[in-house]
Amino acid sequence: MLTSLPHRVRLIDVGPRDGLQNEKQPVPAAVKVELVHRLQDAGLNEIEVTSFVSPKWVPQMADNAEVMAGIHRQPDVRYSVLTPNLQGFEAALKTKPDEIVVFGAASEAFSQKNINCSIAESIERFAPVVKAARDAGIAVRGAMSCTVGCPYEGEIAPERVGYLAGLMKSIGIQRVDVADTIGVGTPRKVQAAMEATLRHYALNDVSGHFHDTYGQALVNTLAALQMGVWNFQSSVAGLGGCPYAKGATGNVATEDVVYMMQGMGIETGIHLDKLIDAGVFISNALGRQPNSLVSRAVLNKRAV
């Protein structure tokens, strides 16, 4: 474990995709585009915009091409999309993403529930997608879910995380996310999952992705930070959840992560007030309050 913390962190906001994908009421494409614009205006330079999946399974993402076409892109921002198969990749390719995201689970049971195949079979499916993307000059990121706990198997051994990371590395995935999908992780368990991943990937190519089901997301972020991890994923207003993990709450709020980092003197490049405004915007559009303690505190002050 490092005795000194990173001087800066890079945040990937997954709110427009991971955060909105499970909303039951349709969110207009114009609202999604405006959210992306507000996030990049706040200083986010990596945004997970949408996914190219069957609208039968994820109807909220059926407007993927419209959303991608509506974005006024900035040259210093990386726009990523999730693509589960070659058909999805070919559709995504037309919208010129900077990066595609493929996904796998460290839990065999979760893999079967999520994509109806084993972990090894999922990697076989993704191999041609990764190759096609790399051949087209598009970066590839791998989302590793259930790295500390699974709703079906319970606790996940670090060896399973290492197994998945090794498989992803073997097919050319360039960087990976270590995700506590159901938010059951605690600092030491998260560090063990990170350690297993770092046997296959360089520190610069690993990010933390934590959910706040048990209120551990920020301390787990700190635990990863203490290892030197400086890439993290979060969701504006704490949006999100997992359709295959009953009871899992949203991603850690980007606002809360930025507030913590700023308080520690760690550079984020993000304007907190503008970020809070982005969270308020999307929360109002969804008819609820931001799921961010920082945002609620600031809004209470504004109301006084």
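Preceding this paragraph is the structure being described.
K.L.:
Explain the layout of surface pockets here, please?
P.N.:
Over the atoms, a rolling probe the size of a water molecule traces out where space has been left empty. In this model, the largest pocket occupies a volume close to 1200 Å³. Surrounding the largest pocket, 50 residues form its lining, Val53, Val58, Leu82, Phe103 and Asn114 being those nearest its centre. Of all the secondary structure elements, the ones that give two or more residues to the lining of the largest pocket are helix H1 (15-19), strand E2 (46-51), helix H4 (86-93), strand E4 (99-105), helix H5 (108-115), helix H6 (119-135), strand E5 (139-145) and strand E8 (175-180). Taken together, the residues of the lining of the largest pocket sort by class into 21 nonpolar, 20 polar and 9 charged. Within this model, the second largest pocket holds a volume of roughly 190 Å³. Asp212, Asp256, Asn291, Ser292 and Leu293 are, among the 14 residues lining the second largest pocket, the residues nearest its centre. The residue makeup of the lining of the second largest pocket, split by class, is 4 nonpolar, 7 polar and 3 charged.

K.L.:
Would you take a moment to explain the environment of Leu299 for this structure?
P.N.:
You can see Leu299 is positioned in helix H12 (residues 293-303). Accessibility expressed as a relative area gives 24% for Leu299, which makes it partly exposed. Note: C-alpha distance between Leu299 and Gln289 (10 residues apart in sequence) is 10.0 Å. Beyond its immediate sequence surroundings of up to four residues, Leu299 is in contact with Val280 and Pro290.

K.L.:
Just to check I follow, could you spell out the environment of Ser80 for this structure?
P.N.:
Summarising the element assignment, Ser80 is placed in strand E3 (residues 78-82). The class for Ser80 is buried, based on a relative accessible area of 2%. With 112 residues separating them along the chain, Ser80 and Ala192 place their C-alpha atoms 28 Å apart. Not counting chain neighbours up to four residues away, the residues in contact with Ser80 comprise Ile47, Glu48, Val49, Thr50, Glu99, Val101 and Arg141.

Criteria and cut-off values
- Residues numbered from 1 in each chain as written.
- Predicted model: local features only at pLDDT ≥ 70, side-chain atom pairs only at ≥ 80, totals over all residues.
- Heavy atoms only, no water.
- 1 Å grid on protein atoms, 1.4 Å probe; cavity = no way out; pocket = protein on both sides within 12 Å on 5 of 7 lines; lining within 4 Å.
- Points joined across faces, edges and corners; volume = space filled by probe spheres on them.
- Helix = DSSP H or I, 4+ residues; strand = E, 2+ residues; numbered from the N terminus.
- Nonpolar A, V, L, I, M, F, W, Y, C, P; charged D, E, K, R; others polar.
- Buried < 20%, exposed > 50% of the residue type's maximum accessible area, 1.4 Å probe, protein only.
- Contact = heavy atoms within 4.5 Å.

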